[in-house]
Amino acid sequence: MPVIGAHVEARHGLWNAFPNAVAVGADAIQVHPTPPGFWGSPKPSEEDVEHFRQAYADAGRPPFYFHAVYLINLASEDPKVNPRSESTLAGYLAAADSLGIDGVIFHVAGTGGCVGARFEEIRAMIDAVGDERVRSCFDTCHAFASGYDLRTPAGAKAVIDDWERLVGLDRLEAVHANDSMTGLGSNRDRHQNIGLGEIGEDGFRALLHDPRLAKVPFILEVPGFEGLGPDAENVAILRRLAA
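Scope of this entry: the structure provided in the associated data block. (Residues numbered from 1 in each chain as written. Predicted model: local features only at pLDDT ≥ 70, side-chain atom pairs only at ≥ 80, totals over all residues. Heavy atoms only, no water.)

## Overview of the overall build of the protein
Using the following cut-off: Secondary structure elements are taken from DSSP: a helix is a run of H or I of four residues or more, a strand is a run of E of two residues or more, and numbering for both begins at the N terminus. Based on C-alpha atoms, the radius of gyration is set beside the globule rule, defined as 2.2 Å times the residue count to the power 0.38. Each residue is placed in one exposure class: buried if its accessible area under a 1.4 Å probe, protein chains only, is under 20% of its type's maximum, exposed if it is over 50%, and partly exposed if it falls in between. Two residues form a contact once any of their heavy atoms are found within 4.5 Å. Here the Shrake-Rupley method, with its probe set to 1.4 Å, supplies the accessible areas, and only the displayed protein chains count as covering residues. Counted as positive: Lys and Arg. Counted as negative: Asp and Glu. His and the chain ends are not counted at all. The location of each charge is read from NZ of Lys, CZ of Arg, CG of Asp or CD of Glu.
When helices and strands are tallied, the protein shows eight helices and nine strands. Its C-alpha atoms give the protein a radius of gyration of 17 Å, within 12% of the compact-globule value 18 Å for 243 residues. Its C-alpha atoms give the protein principal-axis dimensions of about 50 × 45 × 30 Å. Per-residue burial over the protein gives 48% buried out of 243 residues. Sequence-distant contacts, at least 24 apart, represent 70% of the contacts inside the protein between residues at least 6 apart. Of the roughly 11600 Å² that the protein leaves accessible, carbon and sulfur atoms contribute 53%. Here the protein contributes 21 positively and 34 negatively charged side chains, and the mean placements of these two sets differ by 2 Å.

## What about the sheet that holds strand S3 (residues 64-67)?
Threshold: At least two DSSP bridges between two strands are required for those strands to pair. Note on method: axes are straight lines fitted to C-alpha atoms, helices fitted across the in-contact stretch only, with angles between N-to-C directions ranging 0 to 180 degrees.
Strand order in the open sheet made by the seven strands is S4-S3-S2-S1-S9-S6-S5, with parallel pairing throughout. Of all the strands in the sheet, the pair left with one neighbour each is strand S4 (103-105) and strand S5 (136-139). The average angle at which neighbouring strand axes cross in this sheet is 30°, direction not considered. Inspection of the sheet shows strand S1 (residues 4-7) paired to strand S9 (residues 218-220) by three bridges, in the parallel sense. Note that in S9 the partner of Gly 5 across the bridge is Ile 219. The sheet strands contacting helix H3 (residues 81-99) are S3 and S4, and the helix crosses S3 at an angle near 160°.

## Describing the packing of aromatic side chains
Spelled out, the test is: Only Phe, Tyr and Trp rings take part, Trp by its six-membered ring, and two of them pair if their centres are within 6.5 Å. Stacked means planes under 30 degrees apart, edge-to-face means over 60, and tilted covers everything else.
Scanning all chains against the criterion turns up 11 aromatic pairs. Measuring from centroid to centroid gives 4.0 Å for Phe 119 and Tyr 148, while their planes differ by 5°, and the two rings are stacked. With a gap of 29 residues between them, Phe 119 in helix H4 (residues 119-129) and Tyr 148 in the loop between helix H5 (140-145) and helix H6 (153-166) connect regions that are remote in the sequence. A residue is classified by how much of its surface remains accessible, and Phe 119, at 3% relative accessible area, is buried. Tyr 148 sits in the buried class, given a relative accessible area of 5%.

Encoded structure:
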């Protein structure tokens, strides 16, 4: 069974992500260390780093990722946005390195006509960077909105076949497990709770049982049944589908 995780809150200290993950049954963790809709990167103090590293070790070092702010756009032609994007991402990477976590996930704007909507584009960006540390995250809702049909076992297998051929499984770091409020090819990234959206349980069951994804953490970013974000109910649904 893949590791099932969730995006959780980490207010008043990144170390608070660990009890919050336990509360929903998540074995992999993603957090926003800074408000996602504003510019800025985390700047942990030496005391913060020490506190976090101890809590991380005590928790058994589960897969742990930062999700960077949504404003980053490395393809922007705006003379203000581009350097700000670069400096913000660099700050995130520096903080992640100091804390010893697994990585930083950020959007390359993969919807509609934006770069990153096709697997070929993701591979081209990885090749252009030319650094073995660069990985990719497969978001089920983003992919579905971009026209990759995950609704059936055959469809899900075909999509992962395409990923394996075009991007490479060695470059797959994590799966963002999100159902979709909108239809196939809608070019709209609107997350829904697992099984209640347009993808449905059959697609997620197929992904969770694909042996090629067995060692990849599945991280929920769903709205939750109370609208407060990923919850124990959605974690339980993924575990049921993976059983």
